[in-house]
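Residues per chain are reported as follows:
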Amino acid sequence: MELDETDRAILRILQEDARTPFSEVARRIDMSSATVHDRVGRMEEAGVIQGYHAEVDPKAVGYGVSAFVGLRVEQGREEDALERLRDIEGVSEIHLTTGEWDVILRVVAADTDSLRDLMFERIAEMDGFSRSQTMIILGTDFEADGPPI
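As a starting point, this report considers the structure included with it. (Residues numbered from 1 in each chain as written. Predicted model: local features only at pLDDT ≥ 70, side-chain atom pairs only at ≥ 80, totals over all residues. Heavy atoms only, no water.)

Section: the pattern of salt bridges
Here comes step 1: Summed over all chains, the structure comprises 10 salt bridges.
Here comes step 2: Of the charged contacts, one joins aspartate 4 and arginine 39 as a salt bridge, the two residues approaching to 2.9 Å between their closest N and O atoms. Here arginine 39 lies in helix α3 (residues 33–45) and aspartate 4 lies in the segment before α1 (5–16), a separation of 35 residues in the sequence.
Here comes step 3: Judged by relative accessible area, which is 14%, arginine 39 ranks as buried.
Here comes step 4: Beyond isolated ion pairs, a larger network of salt bridges with shared partners links Asp4, Asp7 and Arg39. (Salt bridge = Lys/Arg side-chain N within 4 Å of Asp/Glu carboxyl O. Helix = DSSP H or I, 4+ residues; strand = E, 2+ residues; numbered from the N terminus. Buried < 20%, exposed > 50% of the residue type's maximum accessible area, 1.4 Å probe, protein only.)

Points about the nonpolar core
Here comes step 1: Core analysis: the largest hydrophobic core is formed by 20 residues, its most contacted members being Leu71, Leu85, Leu105, Val107, Leu115 and Ile123.
Here comes step 2: Taken together, the elements giving at least two residues each to this core come down to β1 (65–73), α4 (78–86), β3 (103–109) and α5 (112–123).
Here comes step 3: Looking at which element gives the most residues to this core, the answer is β1, with five residues. (Core = buried A, V, L, I, M, F, W, Y, C linked by side-chain atoms within 4.5 Å.)

Some details on the layout of surface pockets
Here comes step 1: Quantified by volume, the largest pocket comes out at close to 1500 Å³.
Here comes step 2: Considering the residues around the largest pocket, the lining is formed by 42 residues, among which His53, Glu55, Ala144, Asp145 and Gly146 are closest to the centre.
Here comes step 3: Put simply, the parts of the chain that give the lining of the largest pocket at least two residues each are α1, β1, β2 (91–96) and β3.
Here comes step 4: The biggest single contributor to the lining of the largest pocket is α1, with five residues.
Here comes step 5: Of the residues contributing to the lining of the largest pocket, the split by class is 21 nonpolar, 10 polar and 11 charged. (1 Å grid on protein atoms, 1.4 Å probe; cavity = no way out; pocket = protein on both sides within 12 Å on 5 of 7 lines; lining within 4 Å. Points joined across faces, edges and corners; volume = space filled by probe spheres on them. Nonpolar A, V, L, I, M, F, W, Y, C, P; charged D, E, K, R; others polar.)

This is the structure in structure tokens:
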């Protein structure tokens, strides 16, 4: 789907706050609500807009520690390993990468003891991984709401 400047304006507004009513989006870009509704529907159908979600603070729901985990996957075990990682509570992101690590996870845990258990009892014991490195996140300076539009 080719996006024009109006589509991009709509996307910027929705990235800022996905709960912005179409009537407000329409007012801000000087367009009818029906047209905004149609454009958003087309962008959803084309996969440009992939969904809407509530952003939850991990600390507010009991996860005080976040970390990145680099994993080296044994050759030929990738799909099996990834499938098992998806089922582990505390794994919030799984990224396939190039470079030193085949997979980078973002994990959350209640505290460092829980993180240790997650790493040693759940992840390190799984077949298919030959090496790992855990990097505790001390803070996040910037996190974009999506790609620049």
